Amino acid sequence: MNMMKKLALLLSLVFALAGCGSETVADAAEMQTQQEAAADAALEVHFIDVGQADCALLVSDGHYMVIDGGNNDDAETIVTYLKNQGVKTLDAVVGTHPHEDHIGSLDAIINSFDVEAVYMPKIMHTSQTFEDVLDAIANKGLKIKAPNPGDAIIFNGLPVEFLGPQREYDDFNNNSIVLKVTAGERSFLFTGDAEETAEKDILNAGYDMQADVLKVGHHGSSTSTSDAFLQAVSPKYAVISVGTGNKYGHPEKVTLDKLQNIGAEIYRTDLEGTVVCSTDGQNILFNGISTKTETTDTPAVAETAETYIGNKNSKKFHTEECSSLPAESNRVYFETREEAISLGYGPCGSCKP
């Protein structure tokens, strides 16, 4: 059997017959109810450093969701990171589109954890990477759910809206799944590699595009983050998943200038490693540090000297004098002991902070 026939057969086996499936789609009334109930819902988003690739882990009260899976060579890094965060079951796995730098390790993720649902656009790639993902899905007895624009699901009470792709495009990037996750008054927009054409179609669909945190499209390429799209999203914070010294020149200066001109704080995995953003539905923290603008009606609190140092891998926090302090790239700083504990960190057994 040649590659095309095998892939066509696999696709017929693993794709659900229509849309997301009625058992996972939330209607408008349910979305409104869930959004009100989740006003104080906690959400962490871990933008995992996978070089010139994308991988994000969403965490909410013991529930986990993955958006994209890095390159093939990132499997050990990602699986180890997820295990260190306590992941045993993933409520959802999303492959925004079939490029290797977004689905490379999805097969390893699916093989390593219990997975309740997989979401991917209904397009085919002839790569071995894509076939490996389909095999992993089939071997787990799962069906791919191809969301339609406007579909929505609930992740631990948090509304997740699928905004794109609006139609089928000739290239993989514009076929990227675009989704918005809302936690209380705060929202996160994930754009895969969607470029200006897809962005324009999403804008024309009339969605509420505003988001506090934007996962910048296509690693900061100038082909994404169009002026109109950026104005509609109006993010306070922008996260760019990108590799150090990559051959594409990402992120491009024109994109960085746009983000700076709109007043967004920029976080980059090539400069800062894994970026962790958390919210309680009102306030937003990046890597454990309060950001400069938290709510529209509460002035930002001036920063004070950090007292406690957390280890992002072990989830333990230490005093500044502890002999077991983690490497700088794995540190999270907390102003109080209570802040560390509220974000899921436990005290070190040596220094007993």
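Before going into details, it helps to say that this report is about the structure given with it. (Residues numbered from 1 in each chain as written. Predicted model: local features only at pLDDT ≥ 70, side-chain atom pairs only at ≥ 80, totals over all residues. Heavy atoms only, no water.)

### As for empty space enclosed by the protein
By rolling a water-sized probe across the atoms, one finds the places where empty space is left.
Piece 1. Under the counting rule described, the total for this entry stands at two cavities of 30 Å³ or more.
Piece 2. Considered as a void within the structure, the largest cavity measures approximately 100 Å³ in volume.
Piece 3. If you go around the largest cavity, the residues you meet are Glu44, His46, Val276, Ser278, Asn287, Gly288, Lys315, Val332, Phe334, Leu343 and Tyr345.
Piece 4. When contributions to the lining of the largest cavity are tallied by element, the ones reaching two or more residues are β1 (43–47), β16 (275–279) and β21 (331–334).
Piece 5. Classifying every residue of the lining of the largest cavity by side-chain character gives five nonpolar, four polar and two charged.
Piece 6. Its volume calculated, the second largest cavity comes out at about 80 Å³.
Piece 7. What lines the second largest cavity is simply Phe47, Asp54, Cys55, Ala56, Ile67, Asp68, Thr96, Phe190, Thr191, Gly192, Lys215 and Ser241.
Piece 8. A class-by-class count of the residues in the lining of the second largest cavity yields five nonpolar, four polar and three charged. (1 Å grid on protein atoms, 1.4 Å probe; cavity = no way out; pocket = protein on both sides within 12 Å on 5 of 7 lines; lining within 4 Å. Points joined across faces, edges and corners; volume = space filled by probe spheres on them. Helix = DSSP H or I, 4+ residues; strand = E, 2+ residues; numbered from the N terminus. Nonpolar A, V, L, I, M, F, W, Y, C, P; charged D, E, K, R; others polar.)

### Concerning the layout of surface pockets
Piece 1. One number sums up the size of the largest pocket: a volume of about 410 Å³.
Piece 2. Forming the walls of the largest pocket are 19 residues, and the residues nearest its centre are Ala42, Glu44, Ser278, Ser342 and Leu343.
Piece 3. Elements with a minimum of two residues in the lining of the largest pocket: β1, β2 (56–60), β16 and α11 (337–342).
Piece 4. The leading source of residues in the lining of the largest pocket is β1, at three residues.
Piece 5. Its residues placed into classes, the lining of the largest pocket shows six nonpolar, eight polar and five charged.

### With respect to the pairing of strand β14 (residues 237–240)
Piece 1. Side chains of β14 alternate between two faces, with Tyr237 and Val239 and Ala238 and Ile240 buried alike.
Piece 2. Strand direction decides the pairing type here: β14 and strand β15 (residues 265–268), joined by four bridges, are parallel. Counterpart to valine 239 in the pairing with β15 is tyrosine 267. (Buried < 20%, exposed > 50% of the residue type's maximum accessible area, 1.4 Å probe, protein only. Pairing = 2+ DSSP bridges.)

### Some details on the sheet that holds strand β19 (residues 308–311)
Strands pair in a sheet through their backbones, by hydrogen bonds, and they do so in one of two ways: parallel or antiparallel.
Piece 1. With respect to topology, four strands assemble into an open sheet ordered β21-β19-β20-β22, the strand pairing being mixed. Edge positions in the open sheet fall to β21 and β22 (346–347), since each of these has one partner strand only.
Piece 2. Across three bridges, the pairing between β19 and strand β20 (residues 316–319) is antiparallel. In the strand pairing of β20, tyrosine 308 is matched with threonine 319.

### Structural notes on the packing of aromatic side chains
Two aromatic rings are characterised by how far apart their centres lie and by the angle between their planes.
Piece 1. Under the criterion given, the structure shown has four aromatic pairs.
Piece 2. An aromatic cluster of three or more residues is present, and its members are Tyr237, Tyr267 and Phe286. (Phe/Tyr/Trp six-rings, centres within 6.5 Å; stacked < 30°, edge-to-face > 60°.)

### Examining helix α7 (residues 196–204)
Residues spaced three or four apart along an α-helix face the same direction, because each turn holds 3.6 residues.
Piece 1. By the burial criterion, the buried members of α7 are Ala198, Glu199, Asp201 and Ile202. One side of α7 carries all its buried residues, which in axial view fall inside an arc of 160 degrees. The exposed set on the far side of α7, more than 90 degrees from its buried face, consists of Lys200 and Asn204.
Piece 2. Note on α7: the residue one or two positions beyond its end, glycine 206, has a positive phi of about 85 degrees. (Arc of directions from axis to C-beta.)

### Digging into the nonpolar core
Piece 1. Counting residues in hydrophobic clusters, the biggest one holds 33 residues, and the most contacted among them are Leu57, Leu82, Leu90, Ile109, Val118 and Ile137.
Piece 2. Mapped onto this core, the elements with two or more residues apiece are β2, β3 (63–67), α3 (75–84), α5 (106–112) and α6 (128–139).
Piece 3. Val45, Ala56, Ile177 and Tyr267 belong to the second largest nonpolar core, which has 31 residues in total. (Core = buried A, V, L, I, M, F, W, Y, C linked by side-chain atoms within 4.5 Å.)

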